[in-house]
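Topology and contacts: notes
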Amino acid sequence: MTDAPTIVKATAPAELLALLQQLSTEPLRSGIVIAPFAERRSPAVLRHPLPATAAEWKAVASTVMGMISRLRGCDSVAIAICTEEPFDDAIVTYAPLEQMLLCRFLSAGFTVYDTFCVAADGWARFDEAERRDLAEVARIVAAMPPDDEDAPPRLTGALPRTDPSLAARVAVPLLEREDGLRVDAFGRVLADAGSDPIETFERTLGVEVARVGPELLADLILDLQTEGDFDRAVLQVCSGTERAGEVWSSTLATRAEAARRGEQPIELMLRERRRHGRGGSDEVAELLRGLRGARPDSRRVHAAIALLGHVAAHAPREYRPTILCVLAWLHWSLGFGTCAGRLLDESARIFPQHELTTIVNAITLSVMVPSWVLDRDLREATGRTGRRPR
């Protein structure tokens, strides 16, 4: 589910479908897209992958209705079933799924403003089934007012463009840091004790990315290469430096003890869990899985996404997977699951055996929308005025 700062009021079917498109980070090509309304306005869409078989329709209909029901204040919805199939096939194939969704929401007391079939070559309201041109919706979207100037940029899951000159200048300090060296302004080669990753990240968070030079980029790249780095960065964005410091200290202690015993940290952690049972670390695990925790400050998350996108874009390709995993989790924490999937796909292309990519992908697929995105009052995001779509 994705929050969007621009709230558009619709008065006709094409305008309502254009609203769903305008609030979506992706073209309406494949999936179930639902706009939840609170007091006649919607700031958001929820997307769910289109079920692979008809046998899954009933379960998926219940799942998406359950998600929307958790949004306090939501009293109505608009639904689009989107596919890349031809319209004549899609309108027939997905009519039973539309009826399941319609019945679920009406039975739960929601008003359903409209249900749409969006196919590769046209769209229609399900109760009309007369194909209309997709260009009609595209024209309406193009004419919609731009986002508010103070609103964060729309997220797409794509990295910013790489500056080849800056990327080349990152390579030298990166190699120096890996060798435990640092070259000062006078060209002297000095031993490098490394920087505090929490202090470095916090100091850089919110800085205009154009001001983040090659030396600092090299520090940030090397600070985001392991699963422990992932945990630390995510917690720092969501819970602040103190909580991140506590978890990081525990991670370092585990690494040191594992090294002393000649084993991998994960082996030590699993054995200690079997011996002592579940502990306080489960709070961190449940936050990372989106099962509990306060809603992260969206401004801080957007700032981290801007910074780490810049870092990933200028990191050598083999250094990117863990950074991409952090970026994916941050997108997902805001409800941009599709964007998260795109970033994880890129990580998997770089390193197919990257374990963290598999873990984050499993989280985002099993918990499609974090609890803090759904367990809130939708009216806080929509305001209390607006015209009812029809």
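Residues numbered from 1 in each chain as written. Predicted model: local features only at pLDDT ≥ 70, side-chain atom pairs only at ≥ 80, totals over all residues. Heavy atoms only, no water.

Right, let's get into the overall build of the protein. Regarding its fold elements, the protein presents 18 helices and 10 strands. Put simply, the protein has 390 residues, and 48% of those count as buried. Looking at the protein alone, contacts between residues at least 24 apart form 71% of all its contacts between residues at least 6 apart. For the protein, the exposed surface amounts to about 18,700 Å²; the carbon and sulfur share of it is 52%. (Helix = DSSP H or I, 4+ residues; strand = E, 2+ residues; numbered from the N terminus. Buried < 20%, exposed > 50% of the residue type's maximum accessible area, 1.4 Å probe, protein only. Contact = heavy atoms within 4.5 Å. Areas by Shrake-Rupley, 256 points an atom, 1.4 Å probe, with all protein chains shown as cover.)

Inspection of every chain in the model, using the stated rule, returns 7 aromatic pairs. Centre to centre, the rings of Phe37 and Tyr113 are 4.9 Å apart; their planes meet at 75°, and the pair counts as edge-to-face. Within this pair, whereas Phe37 is found in strand 2 (residues 31-37), its partner Tyr113 is found in strand 6 (residues 111-119), the two being separated by 76 residues in sequence. Each member of the pair Phe37 and Tyr113 is classed as buried. (Phe/Tyr/Trp six-rings, centres within 6.5 Å; stacked < 30°, edge-to-face > 60°.)

Here we come to the side chain of Thr322. As for its placement among the helices and strands, Thr322 is situated in helix 14 (residues 321-333). Only 3.5 Å separates the side chain of Thr322 from the backbone oxygen of Gln225, close enough to count as a polar contact. Among the polar contacts made by the side chain of Thr322, one reaches the side chain of His354 at a distance of 3.4 Å. The residues contacting Thr322, other than those within four sequence positions of it, are Leu224, Gln225, Thr226, Phe230, His354 and Leu356. (Polar contact = N/O pair within 3.5 Å; in protein donor to acceptor, adjacent residues only side chain to side chain.)

Turning our attention to the confidence of the model for the protein. Summary statistics for the protein give a mean pLDDT of 86 and a share of 87% for residues scoring 70 or more. Across residues 3-9, where pLDDT falls below 50, the model places 27 contacts with residues more than four positions away in sequence or in other chains. Overall, residues 384-388 carries pLDDT values under 50, and its contacts beyond four positions in sequence, including any with other chains, amount to 15 contacts. (pLDDT = per-residue confidence, 0-100.)

All right, on to the environment of Arg255 then. Mapped onto the elements, Arg255 comes out in helix 10 (residues 241-261). Overall, Arg255 belongs to the partly exposed group, its relative accessible area being 30%. If we skip the residues at most four places from it in the chain, Arg255 touches Thr226, Gly228, Asp229, Trp248 and Pro265. Only 2.7 Å separates the side chain of Arg255 from the side chain of Thr226, close enough to count as a polar contact.

Our focus in this paragraph is the packing of helix 14 against helix 15 (residues 337-350). It is the contact of helix 14 with helix 15, at a shortest axis distance of 8 Å, that shows an interaxial angle of 170°. One finds that helix 14 runs roughly antiparallel with respect to helix 15. Here helix 14 runs over helix 15; the crossing is left-handed. The residues of helix 15 that touch helix 14, namely those facing Pro321, Leu324, Cys325, Leu327, Ala328, His331 and Trp332, are Cys339, Ala340, Leu343, Leu344, Glu346, Ser347 and Ile350. (Axes fitted to C-alpha atoms, helices over the stretch in contact; angles between N-to-C directions. Parallel < 35°, antiparallel > 145°, perpendicular 65-115°, else oblique. Left-handed = near helix turned anticlockwise from the far one by under 90°.)

For the rest of this paragraph, the subject is the packing of helix 8 (residues 214-222) against helix 13 (residues 298-313). Their axes nearest at 10 Å, the elements helix 8 and helix 13 cross at an angle of 95°. On the basis of their axis angle, the class for helix 8 and helix 13 is roughly perpendicular. Between helix 8 and helix 13, the contacting residues are Leu217, Leu220 and Ile221 on the first element and Leu307, His310 and Val311 on the second. Tallied by class, the residues present in the contact of helix 8 with helix 13 amount to 5 nonpolar, 1 polar and no charged. (Nonpolar A, V, L, I, M, F, W, Y, C, P; charged D, E, K, R; others polar.)

Right, let's get into the pairing of strand 2. Counting buried residues in strand 2 gives 7 out of 7 residues, a clear majority hidden from the surface. Burial of the side chains of strand 2 extends over both faces: Gly31, Val33, Ala35 and Phe37 are buried on one face and Ile32, Ile34 and Pro36 on the other. Where strand 2 meets strand 5 (residues 76-82), 7 bridges bridge the pair, whose relative direction is antiparallel. Counterpart to Ala35 in the pairing with strand 5 is Ala78. One ladder, built from 3 bridges, connects strand 2 with strand 3 (residues 44-48); its direction is antiparallel. Opposite Val33, over in strand 3, you have Arg47 as the bridge partner. (Pairing = 2+ DSSP bridges.)

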